Amino acid sequence: MGFGFEKLEVYKKAINFADKVYQITKNFPNNEIFGLTSQMRRAAVSVSCNIAEGSSRYHKKDFIQFLRVARGSIYECVPLLEISLREDYVKKAISEELTKECNELAKMINGLISSLSSDSVNCNL
C-alpha cells in the first residue's frame, strides 16, 4: 500500500537530502548540537514533512501553501550550509553538492506548485 506523496520524486529527493544532512552534521562539534546541527536537521526534515502533510489537505490551495513552506525550508538550508563551510564543519565540495541539491529541490517544488496551480489538476495523492 502506501501514500500517494511517497511516489513523488520531489518527496524522495527531499528524504535523501535529509539523510545527507544528518550524515554531515554527525561530524559537527558537540557545542553545535543545539545550534547549527539542530537547525540544519530541522530545516532539512521539514521539506519532506511539509510535502507529505500538504498532500493530505483537501484543497489544492492548502497543499500549495505547504509546498511554499517546504521551499522556505530548503532556502533556510542554504545559509546554514554556508555558515557550516565558513566554520570548517564541512568541506567545500560537500557544501556545493548540498547547495546544488537545494537548488534542484526548489525547482522541483516550484514545478509542483505550478502544476497544482493549473485549474485542471486534481489534488488526490
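Model, not experiment: these values are computed from the prediction.

Concerning the packing of helix H1 (residues 9–25) against helix H4 (residues 92–117)
Packed helices, taken two at a time, are described by their axes: the angle between them and the distance between them. Here H1 crosses H4 at 155 degrees, and the two axes come no closer than 10 Å. With respect to H4, the element H1 is oriented roughly antiparallel. The two elements H1 and H4 cross, and the hand of that crossing is left-handed. Judged by residue contacts, Glu9, Val10, Lys13, Ala14, Phe17, Lys20 and Ile24 of H1 engage Ile94, Glu97, Leu98, Glu101, Cys102, Glu104, Leu105, Met108, Ile109 and Leu112 from H4. The residue inventory of the contact of H1 with H4, partitioned by class, reads 11 nonpolar, no polar and 6 charged.

Remarks on unusual backbone geometry
Despite not being glycine, aspartate 88 has its phi angle at roughly 65 degrees, a positive value. By secondary structure assignment, the location of aspartate 88 is in the loop between helix H3 (60–86) and H4.

Focus: the nonpolar core
Grouped burial of nonpolar side chains is what soluble globular proteins tend to show. Core analysis: the largest hydrophobic core is formed by 35 residues, its most contacted members being Phe17, Ile51, Leu67 and Ile109. Those elements that place two or more of their residues in this core are H1, helix H2 (36–55), H3 and H4. Discounting chain neighbours no more than four positions away, the residues touching isoleucine 51 are Leu8, Val10, Tyr11, Ala14, Phe63, Leu67, Ala70 and Ile109.

Each value, and the rule that gives it
Residues numbered from 1 in each chain as written. Predicted model: local features only at pLDDT ≥ 70, side-chain atom pairs only at ≥ 80, totals over all residues. Heavy atoms only, no water. Axes fitted to C-alpha atoms, helices over the stretch in contact; angles between N-to-C directions. Helix = DSSP H or I, 4+ residues; strand = E, 2+ residues; numbered from the N terminus. Parallel < 35°, antiparallel > 145°, perpendicular 65-115°, else oblique. Left-handed = near helix turned anticlockwise from the far one by under 90°. Contact = heavy atoms within 4.5 Å. Nonpolar A, V, L, I, M, F, W, Y, C, P; charged D, E, K, R; others polar. Core = buried A, V, L, I, M, F, W, Y, C linked by side-chain atoms within 4.5 Å. Buried < 20%, exposed > 50% of the residue type's maximum accessible area, 1.4 Å probe, protein only.

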